[in-house]
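Observations on the model geometry
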Amino acid sequence: MKSQDIRKQFLQFFESKGHLIVPSAPIVLKDDPTLMFNNSGMAQFKEYFLGNAEPKSKRIADTQKCLRVSGKHNDLEDVGFDTYHHTMFEMLGNWSFGDYFKKDAINWAWELLTEVYNIPKENLYVSVFEGNPEENVPFDQEAWDIWKELIDEDRIILGNKKDNFWEMGDQGPCGPCSEIHVDLRSEEEKATVSGKSLVNNDHPQVVEIWNNVFMEFNRKADGSLEKLPAQHVDTGMGFERLCMALQGKTSNYDTDVFTPLIEKVEQITGLKYTSNEVATISEEQNKTNIAIRVIVDHVRAVAFAIADGQLPSNTGAGYVIRRILRRAIRYGFTFLNTKEPFINKLVEVLANQMGAFFPEIKSQQNLVTNVIREEEASFLRTLEQGLQLLENVVSETKGNEVSGAKVFELYDTFGFPKDLTALILKEKGFSFNEVEFENELQKQKTRSRAASEVSTEDWSILIPGNVETFVGYDHTENEVKITRIRKVDSKKDGILYQIVLDATPFYPEGGGQVGDKGTLVCFANSHSLGSANETIEIIDTKKENNLILHFAKQLPENLNAAFVAKVNTDLRTSTSKNHSATHLMHLALRTILGTHVEQKGSLVNPNYLRFDFSHFSKVSDDEIKQVEDFVNQRIEEQLQLVEHRNIPIQQAMEQGAMALFGEKYGDSVRMIEFGDSKELCGGIHVKNTADIWHFKIVSEGAVAAGIRRIEAITGDAVKDFYKNQENTISELKETLKNPQDILKSVVSLQDDNAKLKKQIEQLLREKAKNLKGELASELQEINGIKFLAKHVDLNPEGAKDLAYELGNLGTNLFLVLATAEENKPMLSCYISKELVASHNLNAGQVVRELGKYIQGGGGGQPFFATAGGKNVDGIKEALEKAVEFVK
């Protein structure tokens, strides 16, 4: 059975059981501060489990793109070495929100596996929770009784808290679970060792395929459990493992989920992958297999993340994506001998394979390909740089063991992988101190954990029920009551309080727009006890699990008092101008550059707007001018805001609304119109484009391959910009002695400067020629080599000219010249090409070694190289040491 059919049958089965089939949420989470990536099928439904929102159906099923590479669920280092762990994987799931419970969940799981997919019952084992007396959670008798009607009792396993009690995190909904495991071993192996003994013991052919979680409890901050008001079902079945079972394979990588990608790698590299069916595999072939598994797994994770809007970068989720891709590049570089970008060529195969069910990978194929290609080229250059740095480390090492701290520095600063370092060192007869490396790594992890450590208390509910609403589209000030609070303590921000209000005007961070700031003022006429006009500063507003959280450094004296929530309207107004200008600019870019332009990220705050978009080349000055004129024309047209709240998404799309890839939209959406600009957007906007006043682009540049970034300003920021420009021109005019034509005066200065530079260059060349005769007499003969190390009063270019002039004197010259123009030391080494060949000398190695004395480094060709540095005082010692190369 093909993988596409397996996926389709799962969804059709649960649709027949009354489930609503919903699309996968994006793999990258943009509005959940607790998670970077969707790491399980239930992540997009957290607000329903927490009771903060009502689902569109009490029964839902889907297949969810998941990514597990950090935090509690971290499978990255296992990927490639075994045959069943992945970074990106699909999780087939069915959910009940307060509807059916254990009986239906278990019976339907059994029906699908044994009657629809026809997995032999004798190949299956199940587990139930054995209970935990310490937490007063009993043995799951109900699940046991249901299972024993379906399967022999000797195939039911009791599982402990680690294996059979599922938790969302340290806090939140949780409950016992019942796993289903499949035994894929041969009949001979089954006869020798019982599969029951291999369950949950990391056997590659006895694997968990489905987990049914029964949400019954809420884990509180103190670790205690309380019963949830409603019982839920949350199930997850690993799609790749299910395909392995149904296609009669013993490795996920032998299924058609991965074989097209593997075949493409084989075609590119000329190397062969051996399936899991091969009994004996050589050590060399095993390394090839691991590398290919790493690459075909990792390209899926990276490609889908980019398609969902997450570009590789040096921070946050972008860093995780870059790290996954670099791991794949490095395995290709080391074990498949790929020295040129090639992983990008797999994207076409992936798009053809999965585009029908996940259309985003098809529509974003060119962008994904270009970004991966650029990342590959960049990291391959880094690897070359790392090789050079490693050479320096080796040359400085006494004995044959390199410092682990130095290897960690290469890893941490330059991204040079530890195992590649070990491989190169081994070839040179060296090793490194692994204990030192691990100590440095642990120190870094400890620092990182300490910096991000957060302690969150339980919610204190003041007003029960879901009474929280957002009124900020219509009001910037509103009378409110506090519905719940909790304390948060983090190393980064210290102690903060999260406050939830019943009807808040504060906009929470989302869609690129920053959260509102403002105040919470105790209502003067409140009959409750408390300080009249007590003011609490709201320093930020965010959204989490459908709750709008207001961050404050302190709580009001009386939490039950009435308050007035006041948004900082100055900041809100400036932000709204930038947000509306972003929409107009998006339309301008699509109109002027082409409809291939798509938003890939944005930031809207009171000071400026930042907009990332797909485009294949630099935006020219003329195009930037056209974009500015286009937006400013819409501002002058005084276009009125047309806002559609709670419009069906299909109707919005039919009316031409722009939807962003990687965003999660509901059935009902908000559409913002300014003339021809129509976008789905939840943010704050001006009432009329005239309120923006003026729009000015201040910068344009590349973010990644095929991605450009524009930063722009509006309103008062534009006024300040032009005021600064005016001041600069006034100062320039004064400096130039108030000429009538400033531009003509500046051009005249440039012409004069160019003439003077030419004259200086000519004088320096003549000076170098004059020095030639003087220095020729200073050449010493050492071991048949004419040697000179000298500090000369020239610039670096003059020193190079002098070196080449002296090089004409013979075929056995070894020359080191030092310069210190503007207090910047520079060493230049010239070695006759004949000497390079006959004496195995290399100018690049010479300057790298001597560069240490001036606290710098450099390189070049074997016959000529330079090194710059910071320490002028080191020149003397560097020149003294130069003679050692010819002795």
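The model shown is predicted, which means the values in this text are computed figures rather than measured ones.

Observations regarding helix H17 (residues 569-592)
The first and last C-alpha atoms of H17 sit 34 Å apart over 24 residues, in line with the 34 Å expected at 1.5 Å per residue. Capping of H17 at its N-terminal end is provided by Asn-568; its side-chain oxygen lies 3.2 Å from the backbone amide nitrogen of Asp-570. After H17 finishes, the residue Gly-594 shows a positive phi value of roughly 130°.

Some remarks on the packing of helix H13 (residues 365-396) against helix H14 (residues 404-414)
Orientation of H13 relative to H14, taken along the N-to-C sense of each, is 160°, at an axis distance of 11 Å. Here H13 is positioned roughly antiparallel relative to H14, judged by the angle of their axes. In the crossing of H13 with H14, the sense of the turn from one axis to the other is right-handed. Between H13 and H14, the residues in contact are Thr-382, Gln-385, Gly-386, Leu-389, Leu-390, Val-393 and Glu-396 and Lys-406, Leu-410 and Phe-414, respectively. Looking at the contact of H13 with H14, its residues break down into five nonpolar, three polar and two charged.

Looking at the side chain of Lys-102
In this structure, Lys-102 sits in helix H3 (residues 102-116). In this structure the side chain of Lys-102 is engaged in a polar contact, spanning 2.8 Å, whose partner is the side chain of Asp-140. Beyond its immediate stretch of four places on either side in the chain, Lys-102 contacts Asp-140, Glu-142, Ala-143, Ile-146, Phe-214 and Glu-216.

Some details on the sheet that holds strand E32 (residues 707-714)
Strand pairing in a sheet relies on backbone hydrogen bonds. The paired strands run either parallel or antiparallel. Strand order in the open sheet made by the four strands is E26-E27-E32-E31, with antiparallel pairing throughout. Of all the strands in the sheet, the pair left with one neighbour each is strand E26 (599-604) and strand E31 (695-704). The average undirected angle you get between the axes of adjacent strands in this sheet is 15°. In this sheet, strand E27 (residues 609-614) lies alongside E26 in antiparallel orientation, the contact comprising five bridges.

Examining the pattern of salt bridges
Two side chains with opposite charge may pair up if their charged atoms get near one another. Here the structure, examined in full by the defined rule, presents 43 salt bridges. Its salt-bridge partner being Glu-544, residue Arg-486 comes within 3.2 Å of it at the nearest N-O pair. Taken together, the positions of Arg-486 in strand E18 (residues 482-490) and Glu-544 in strand E23 (residues 540-544) put the pair 58 residues apart, joining distant regions of the chain. One exposure class covers both Arg-486 and Glu-544, and it is buried. Among the ionic contacts, a cluster of salt bridges with common partners joins Lys-102, Asp-140, Glu-142, Glu-216 and Lys-227.

Thresholds applied
Residues numbered from 1 in each chain as written. Predicted model: local features only at pLDDT ≥ 70, side-chain atom pairs only at ≥ 80, totals over all residues. Heavy atoms only, no water. Helix = DSSP H or I, 4+ residues; strand = E, 2+ residues; numbered from the N terminus. Expected span 1.5 Å × (residues − 1). Polar contact = N/O pair within 3.5 Å; in protein donor to acceptor, adjacent residues only side chain to side chain. Axes fitted to C-alpha atoms, helices over the stretch in contact; angles between N-to-C directions. Parallel < 35°, antiparallel > 145°, perpendicular 65-115°, else oblique. Left-handed = near helix turned anticlockwise from the far one by under 90°. Contact = heavy atoms within 4.5 Å. Nonpolar A, V, L, I, M, F, W, Y, C, P; charged D, E, K, R; others polar. Pairing = 2+ DSSP bridges. Salt bridge = Lys/Arg side-chain N within 4 Å of Asp/Glu carboxyl O. Buried < 20%, exposed > 50% of the residue type's maximum accessible area, 1.4 Å probe, protein only.

Such coordinate-based values are descriptive only and should not be taken to indicate function.
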